[in-house]
Amino acid sequence: MGDTTVTTLEGREEAVPQPVADETGRTLLRRPRAPRRPRLWFEILLIAVSYWTYSLVRNAVPEQRTEALRNADWIWRLEHQLGTAFEESVNHAVNSVTWLVVGMNYYYATLHFVVTLGVLVWLYRSHPGRYAATRLVLFTTTGIALVGYYLYPLAPPRLMNGQDFIDTVLVHETWGSMASGDLKNMSNQYAAMPSMHIGWSVWCGLTILALATVPWVRVLGAVYPVATLVVIVATANHFWLDAVGGVLCLAFGYGIARLWYGSLPHALPRRVPGREKREPGPIGLPRQG
């Protein structure tokens, strides 16, 4: 990519720069990968539209009850073969402690959204340079989960036939799940695989562990996905293998962010540098070059 030379009338050779198409192409490819300062109005609109789309698509997936129950039976047999079918024991043990199971019902219904939104707000305010990449992980994780709901309908343990799982929301009459009680017809009950309670909680935990500086906050970040796993199993809303599915979706999300930005989100600059001000020239005009 060198310059050609031309001979002027005075007999001197001058270099004439040639346009380099591939450099321009690389610049265009790099442009969307550079961290940008997030805009509040756009982020609020994006989150609102994305959640509405997620809910619409998730609940529009045909409720293939027969297939979903058959898949649940297969998962349950597999866990027995692996010696890890502990969900029913945990479900019954927690259900015997009323205050604990009621708290878990409300945990399942609320923290899934509250903590995730809280982490997004914290990123927006304190780590704007890492916000877009980390948000991309979350959105990609959720998008691939929708594919899972469509391709692999799965009934939660509490809806299985011939098993002794307890639907803790119905038994204790708490507002804990859109898929139980009077609200069950408003939500697809057979979208248990993968578990986005786990996908989102692990995303929150990893983000806090990577970026928080206060020790007790980092401890909460580590505890949150573990507590969420206990809750989804104890309330009979998921098998533990659903949690594995959620983690795999999250890994896919991080892979996409790594490819797009060339780095994992936490390794990007914390701040997005603003436009550099040009140094004024001798007469007050911006200096060129």
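Computed from a prediction, not measured in an experiment: that's the story for all the values here.

Break down the overall build of the protein for me, citing the residues and quoting the values.
Check the secondary structure of the protein and you find ten helices and two strands. Starting at the N terminus and ending at the C terminus, the protein contains elements arranged as β-β-α-α-α-α-α-α-α-α-α-α. Across the 289 residues that make up the protein, the buried fraction comes to 40%. The contacts of the protein with a sequence gap of at least 6 include a subset with a gap of at least 24, amounting to 78%.

I'd love a proper account of helix 3 (residues 65-82), names of residues and values included.
With 18 residues, helix 3 extends 26 Å from end C-alpha to end C-alpha; this agrees with the ideal 26 Å at 1.5 Å per step. Of the positions making up helix 3, those classed as buried are A68, L69, N71, A72, I75, W76 and E79. With its buried residues spanning 160° around the axis, helix 3 presents them on a single face. Along helix 3, exposed side chains directed more than 90 degrees from the buried face belong to T66 and Q81. Buried residues in helix 3 make contact with helix 4 (87-95) and helix 10 (240-261). One or two residues past the end of helix 3 sits G83, with phi positive at roughly 75°.

Hey, could you go over the pattern of salt bridges for me, with residue numbers and the actual values?
Scanning the model with the defined rule gives one salt bridge in all. As a salt-bridge pair, D167 and R158 come within 3.5 Å of each other at their nearest N and O atoms. For the pair formed by D167 and R158, the shared burial category is buried.

Mind laying out helix 8 (residues 196-211), listing which residues take part and the relevant values?
Residues three or four positions apart in an α-helix share a direction because the helix packs 3.6 residues into each turn. Look at helix 8: 22 Å from first C-alpha to last across 16 residues, which is about the 22 Å you get at 1.5 Å a residue. Put simply, S195 is the residue that caps the front of helix 8, since its side-chain oxygen is 3.4 Å from the backbone nitrogen of H197.

Quick one: what's the story with the environment of S201, residue by residue and with numbers?
Position of S201 among the secondary structure elements: in helix 8. In the structure, S201 is positioned 28 residues away from L229 in sequence and 9.0 Å away in space, judged by C-alpha atoms.

Residue-level account of the packing of helix 8 against helix 9 (residues 215-234), with values.
Relative to each other, helix 8 and helix 9 sit at 170°, their axes nearing to 7 Å. Considered as vectors, helix 8 and helix 9 are oriented roughly antiparallel to each other. Touching H197, I198, S201, V202, C204, G205, I208 and L209 of helix 8 are V217, R218, G221, A222, Y224, P225, T228, L229 and I232, all from helix 9. Its residues assigned to classes, the contact of helix 8 with helix 9 comprises eleven nonpolar, five polar and one charged.

Let's hear about a nonpolar patch on the surface: which residues, and what values?
A cluster of nonpolar side chains, V147, Y150 and L151, forms an exposed patch at the surface whose accessible area comes to about 320 Å². Here Y150 lies in helix 6 (residues 128-151). Taking the relative accessible area as the measure of exposure, Y150 reaches 53% and is therefore exposed.

So, the packing of aromatic side chains: which residues are in play, and what are the values?
Throughout the structure, instances matching the rule amount to five aromatic pairs. Judged by centre distance (6.1 Å) and plane angle (40°), the rings of W76 and F239 are tilted. With W76 in helix 3 and F239 in the loop between helix 9 and helix 10, this residue pair connects regions lying 163 residues apart in the sequence. Ring plane angle 80° and centroid distance 6.3 Å describe the contact between F113 and W200, whose orientation is recorded as edge-to-face. Separated by 87 residues along the polypeptide, F113 in helix 5 (residues 98-126) and W200 in helix 8 bring together distant segments of the chain. Overall, the relative accessible area of 32% leaves F113 in the partly exposed class. Of the aromatic side chains, those joined through ring pairs into one cluster are W76, F165 and F239. Here the basic side chain of R135 rests over the ring of F139, its NZ or CZ set 6.0 Å away from the ring centre.

So what about the side chain of S195? Which residues, and what values?
Structurally, S195 can be placed in the loop between helix 7 (168-172) and helix 8. Judged by relative accessible area, S195 falls into the buried class, the value being 0%. A polar contact of 3.4 Å, which involves the side chain of S195, links it to the backbone nitrogen of H197. At a separation of 3.3 Å, a polar atom in the side chain of S195 contacts the main-chain amide nitrogen of I198.

Please set out unusual backbone geometry residue by residue, giving values where relevant.
With omega at 0°, the peptide bond leading from M193 into P194 counts as cis. Phi is positive for E173, which is not a glycine, with a value near 50°. Within the fold, E173 resides in the loop between helix 7 and helix 8. Located in the positive-phi region is A236, a residue other than glycine, with phi close to 60°. Tracing the sequence through the fold places A236 in the loop between helix 9 and helix 10. Note on A236: relative accessible area 1%, which makes it buried.

Basis of the calculations
Residues numbered from 1 in each chain as written. Predicted model: local features only at pLDDT ≥ 70, side-chain atom pairs only at ≥ 80, totals over all residues. Heavy atoms only, no water. Helix = DSSP H or I, 4+ residues; strand = E, 2+ residues; numbered from the N terminus. Buried < 20%, exposed > 50% of the residue type's maximum accessible area, 1.4 Å probe, protein only. Contact = heavy atoms within 4.5 Å. Expected span 1.5 Å × (residues − 1). Arc of directions from axis to C-beta. Salt bridge = Lys/Arg side-chain N within 4 Å of Asp/Glu carboxyl O. Polar contact = N/O pair within 3.5 Å; in protein donor to acceptor, adjacent residues only side chain to side chain. Axes fitted to C-alpha atoms, helices over the stretch in contact; angles between N-to-C directions. Parallel < 35°, antiparallel > 145°, perpendicular 65-115°, else oblique. Nonpolar A, V, L, I, M, F, W, Y, C, P; charged D, E, K, R; others polar. Patch = residues over 30% accessible without salt bridge, like charges linked within 9 Å, V, L, I, M, F, W, Y side chains within 5 Å. Areas by Shrake-Rupley, 256 points an atom, 1.4 Å probe, with all protein chains shown as cover. Phe/Tyr/Trp six-rings, centres within 6.5 Å; stacked < 30°, edge-to-face > 60°. Lys NZ or Arg CZ within 6 Å of the ring centre and 35° of its normal.

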